[in-house]
Amino acid sequence: MATLQKIRNKAGLLVGIVGVALFAFVIGDGLRSGSTFFRQTKETVMVVDGQSVNINDYVKRLSELTDIYSMQSNGTNLPEERQAQLRNEVFENFVREMLINEEADKVGFSVTSDEVFDMIQGEHVSPMIQQMTMFQNEQGQFDRAALMRFLQIIETQDFSNFSEQERIQIDNSRKYWLFLEKNLQQQRMEEKFSNIISKIIVANPLDVKAEFEDNRVSVDIDYIQKSYASIPDSLVVVSDSEIKKLYDKRKELYKQEPAVELKYIEVKVEPSDADYAEVERAIEKLKPEMLSGQDVFEVVNESSDVQLYDAYASAAFLSADAKKFVEEAQIGDVKGPVLIGNTYHIFKYLGKMIAPDSVHVNEITMPMLAEKELKHLTDSLVGVVKNGKPFAELASELMGGRSNGDLGWLTDEMALRRFDNVFRNAIYDAKVNDVFVLKTSRGTTHIVQVTEKTTPVAKYKVADLAMEVNPSNTTTTNAFTKLNQYVLKNNTLSKFESEASSEGYLCQRITLDPNEQMFANIPSTRSLVQWAFKHKKGEISDVTECDGYKYVVAMVDNKLEKGYRPASSVSEYLKQELIRDKKAEKIIADIQAKNCTSLEACGTTLDLPVQSVKFLNFGTNRITGIGTEPVLNAVAPLSEVNKMSKPVKGNLGVYIFKVTDKHESNTEFNLERQKQMMDSQNAYRYMYQSVRALRDNANVEDYRIRFY
């Protein structure tokens, strides 16, 4: 009883303890769930109308596309600029796909697995596949049997009969095919979407008739043009209120994603006098070795910034200074050191010969096979070409359509760079159109055909010991220190810009969006773009070394939220448009005050030449001698012959013209045929516009800045 009484007395405390424990359990579970939510949010690379794309899905698709492009470029590493383009391509493909698929779900259409099968190997194989050379016969027609053999090979699980290189090729082909299947499926989805749009929006008889009439009549005109550039901007006054009024009118054109406005200073470090002197002393020490009879190739290739190849070159392929040297020198002569630009050179004239300066070569690189098997294969392929099969066709079949074997024109040096001296000597010694097998010193086997040779000319062998003068560590350190000190002393928005010129710097402005791949067109500066979006107004970046001998420091001037660009950021463009309009008013008033009675008299009075254009109609995209001037396309075909027009305001200037002749097509109007043509022409435009409209009305959030 005493124990029960104690429990009763402590009941309130126990309830409190249990309550706290339950609360801790609930909160803990909530926090764990929240951490998952926040982690998922951090892994989101983009959101389209509420649909998220995880970074892993984005990276997977990016890797697929990168692999395809890498295969097409023979496995070479893609430069950063190309990788950035692929990232944008994947992003835009995701957006397009998600928006179209969203509309497809609403309407109720899709692409079934049966349709995909039919496009790949059924009765209606996609034209994209049919046009691939590897699936065509000798007559250039689609060969279904070739397609089926290819599919059997890439689906095989038994690799015992294939070499390592063939296994790699099969694996690459399988990747490419899966990529192609996905693209064909999405392409069919877009075709269905496009068909629906094209059936909804069709040309009516009035549109068709108007289109026919617009292009039926063309005119020849004489004209004079008074360019806007002929009037100085200083003679035209544009007020802030006028700019604001035009901005309000055009505001919908200035929608923007988040952006950052920056002030920045870019410093290119130049070599000092001491740097030039140091390199000059170094190259002077090598001159005795160039003068002596020892191996010049060893001397040059150990010390020069430019590799020396044992090759002859015609005067057309020599630098201007090397060409001048051989014109004045004898074999064995040495010239230099001479400073050309920021590089010191010592030239030595090694030899001269008469020979073609280049040859045109076809080539197929053979796989690594056993010697007996390789000989049988190469003999067979050489025989195929000798029996009449075009080399390009054979190469295309063997390369899966990726190449036709044409190496183009090769000089001595190009052949050495790409292959070796065995290959170089063989192609220069070969007879034109002969097909032969060649094994290089590197162990690779090639089937080669020389199709053309240039006329023999004088060719020269010149050694060029080149030593470029670059900023030394002392020079770059001094430039870095000076810029750092400037930043420490001028760390406010106003002083950062106002004090720049006094220190010999130029402070510039730039507006960045999150997906700019480089800062101010300086390669490898993506990290500086990422920095800009992670910092606040007034913050200054570290002094960043980039693009060789160059330093950049930036300050955040303004953060622009998603929405509309502020008037201040577009005011200069609007001002130029208003200046153009006011110049047009002034020019028109001046012309009207002259009271010219003819085009020729007007040209004389205004000191402008009378020029001519023939066959101008409503559909002319670019007018010869003028460019794009839609007002002339619209007005001239409707004007009377031999009657001078009133002044017409264009994009580039004010025009006065006279129609000298009018041409009318004798083609009879056929409503059905014309309607079909117009609908066909409009189909692509409607598709583009409809996707553009979906994009404009969608809420697309781009978070790639987090990852790239």
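(A) Layout of the packing of helix α10 (residues 240–250) against helix α21 (residues 567–594). Axis separation between α10 and α21 bottoms out at 9 Å; the angle between their running directions is 105°. Taken together, the axes of α10 and α21 are roughly perpendicular relative to one another. Where α10 abuts α21, its residues Glu 242, Ile 243, Leu 246, Tyr 247 and Arg 250 lie against Ala 567, Val 570, Ser 571, Leu 574, Lys 575, Glu 577, Leu 578 and Lys 582. Looking at the contact of α10 with α21, its residues break down into 7 nonpolar, 1 polar and 5 charged.

(B) Layout of empty space enclosed by the protein. Applying the stated rule across the entire model yields 1 cavity of 30 Å³ or more. The calculated volume of the largest cavity comes to roughly 40 Å³. Around the largest cavity sit Ala 84, Arg 87, Asn 88, Asn 515, Gln 517, Arg 526, Arg 704 and Tyr 708, which together line it. At 3 residues, helix α4 (residues 80–107) tops the list of elements feeding residues into the lining of the largest cavity. Partitioning the lining of the largest cavity into residue classes produces 2 nonpolar, 3 polar and 3 charged.

(C) Geometry of the sheet that holds strand β8 (residues 343–355). Spatially, the 4 strands line up as an open sheet ordered β6-β13-β8-β7, and their pairing is antiparallel. Two strands in the sheet have a free side with no partner beyond their single neighbour: β6 (313–314) and β7 (334–340). Sheet topology places β6 next to strand β13 (residues 457–468); 2 bridges connect them, and they run antiparallel. Within β13, the position partnered with Ser 314 by the bridge is Lys 459. Against the sheet, helix α11 (residues 273–291) touches β7, β8 and β13, its axis set at about 35° to β8. Sheet strands in contact with helix α13 (residues 320–328) are β7, β8 and β13, and its direction is about 60° off that of β8.

(D) Highlighting the nonpolar core. Met 46, Tyr 58, Ile 129 and Trp 177 are the most contacted members of the largest nonpolar core, which totals 41 residues. The set of elements that each furnish at least two residues to this core consists of β1 (44–48), α3 (55–72), α4, α5 (113–121), α7 (144–154), α8 (164–200) and α24 (671–697). If you tally residues by element for this core, the top one is α4, at 9 residues. If you look at the next biggest cluster of nonpolar residues, it comprises 17 residues, including Tyr 264, Phe 519, Ile 522 and Phe 533.

(E) Expanded view of unusual backbone geometry. Of note, the amide linkage connecting Gly 336 to Pro 337 takes the cis form, showing an omega dihedral of 5°. Take Pro 337: it is sitting in strand β7. Within the chain, Asp 607 stands out as a residue other than glycine whose phi angle is a positive 60°. Among the structural elements, Asp 607 can be located in the loop between α22 (599–606) and β18 (611–616). Looking at Asp 607, the relative accessible area reads 67%, which means it is exposed. For Asn 642, which is not a glycine, the phi torsion comes out positive at approximately 65°. Note on placement: Asn 642 falls in the loop between α23 (630–635) and β19 (648–649).

(F) The pattern of salt bridges, seen in detail. Taken as a whole and assessed by the stated rule, the structure comprises 38 salt bridges. A salt bridge links Asp 310 to Lys 461; the shortest N-O distance between them is 2.4 Å. A residue pair is termed long-range when its members are at least 10 positions apart, and Asp 310 in the loop between α12 (296–303) and β6 and Lys 461 in strand β13 qualify at 151 residues. With relative accessibility at 40%, the residue Asp 310 sits in the partly exposed group. By relative accessible area, Lys 461 is classed as buried at 12%. Residue Arg 424 pairs with Asp 412 through a salt bridge whose shortest N-O separation is 3.7 Å. Within this pair, whereas Arg 424 is found in helix α17 (residues 421–429), its partner Asp 412 is found in helix α16 (residues 412–418), the two being separated by 12 residues in sequence.

(G) Quick look at the side chain of His 360. Inspection of the secondary structure puts His 360 in strand β9 (residues 359–365). Overall, His 360 belongs to the buried group, its relative accessible area being 14%. A polar contact of 3.3 Å, which involves the side chain of His 360, links it to the side chain of Asp 406. In this view, His 360 contacts Asp 406, Gly 408, Trp 409, Gln 449, Val 450, Thr 451 and Glu 452; residues no more than four positions away in its chain are not counted.

(H) Molecular detail of the pairing of β13. When β8 meets β13, the two strands line up antiparallel, connected through 12 bridges. Within β13, the position partnered with Ile 354 by the bridge is Ala 458.

(I) Molecular detail of the environment of Ala 601. By the element assignment, Ala 601 lies in helix α22. Since its relative accessible area comes to 30%, Ala 601 is described here as partly exposed. Separated by 182 residues in the primary sequence, Ala 601 and Phe 419 have C-alpha atoms spaced 69 Å apart.

(J) Looking closely at a nonpolar patch on the surface. Together, Val 107, Ile 196, Ile 200 and Ile 201 line one region of the surface with nonpolar side chains, adding up to about 360 Å² of accessible area. Among the structural elements, Val 107 can be located in helix α4.

(K) Here's a closer look at the layout of surface pockets. Of the volumes computed, that of the second largest pocket is approximately 950 Å³. Lining the second largest pocket are 33 residues, with Gln 256, Glu 257, Pro 258, Lys 562 and Val 700 positioned closest to its centre. Where the lining of the second largest pocket is concerned, the elements lending two or more residues are α4, β4 (255–256), β5 (259–268), β16 (550–560), β17 (563–564), α24 and β21 (700–702). Residue composition of the lining of the second largest pocket, by class: 12 nonpolar, 6 polar and 15 charged.

(L) How the structure looks around the confidence of the model for the chain. Counting all residues, the mean pLDDT for the chain is 85, and 93% of those residues have values of 70 or more. Of the regions scoring below 50 in pLDDT, residues 1–38 engages in 0 contacts with residues more than four places distant in sequence or in other chains.

(M) Local environment of the sheet that holds strand β14 (residues 507–512). On the basis of which strands lie adjacent, the open sheet formed by 4 strands has the order β14-β5-β16-β15 and antiparallel pairing. Looking at the sheet topology across the chains shown, the edges are occupied by β14 and β15 (544–545). Bridge count for β5 against β16 is 10 bridges, and the pairing is antiparallel. Its bridge partner lying in β16, Ile 265 is registered against Val 553. Contacts from helix α18 (residues 473–489) reach β5 and β16, with the element oriented near 25° to β16. Along the sheet, helix α20 (residues 526–533) contacts β5, β14, β15 and β16; its crossing angle with β16, the most-contacted strand, is approximately 30°.

Calculation criteria
Residues numbered from 1 in each chain as written. Predicted model: local features only at pLDDT ≥ 70, side-chain atom pairs only at ≥ 80, totals over all residues. Heavy atoms only, no water. Axes fitted to C-alpha atoms, helices over the stretch in contact; angles between N-to-C directions. Helix = DSSP H or I, 4+ residues; strand = E, 2+ residues; numbered from the N terminus. Parallel < 35°, antiparallel > 145°, perpendicular 65-115°, else oblique. Contact = heavy atoms within 4.5 Å. Nonpolar A, V, L, I, M, F, W, Y, C, P; charged D, E, K, R; others polar. 1 Å grid on protein atoms, 1.4 Å probe; cavity = no way out; pocket = protein on both sides within 12 Å on 5 of 7 lines; lining within 4 Å. Points joined across faces, edges and corners; volume = space filled by probe spheres on them. Pairing = 2+ DSSP bridges. Core = buried A, V, L, I, M, F, W, Y, C linked by side-chain atoms within 4.5 Å. Buried < 20%, exposed > 50% of the residue type's maximum accessible area, 1.4 Å probe, protein only. Salt bridge = Lys/Arg side-chain N within 4 Å of Asp/Glu carboxyl O. Polar contact = N/O pair within 3.5 Å; in protein donor to acceptor, adjacent residues only side chain to side chain. Patch = residues over 30% accessible without salt bridge, like charges linked within 9 Å, V, L, I, M, F, W, Y side chains within 5 Å. Areas by Shrake-Rupley, 256 points an atom, 1.4 Å probe, with all protein chains shown as cover. pLDDT = per-residue confidence, 0-100.

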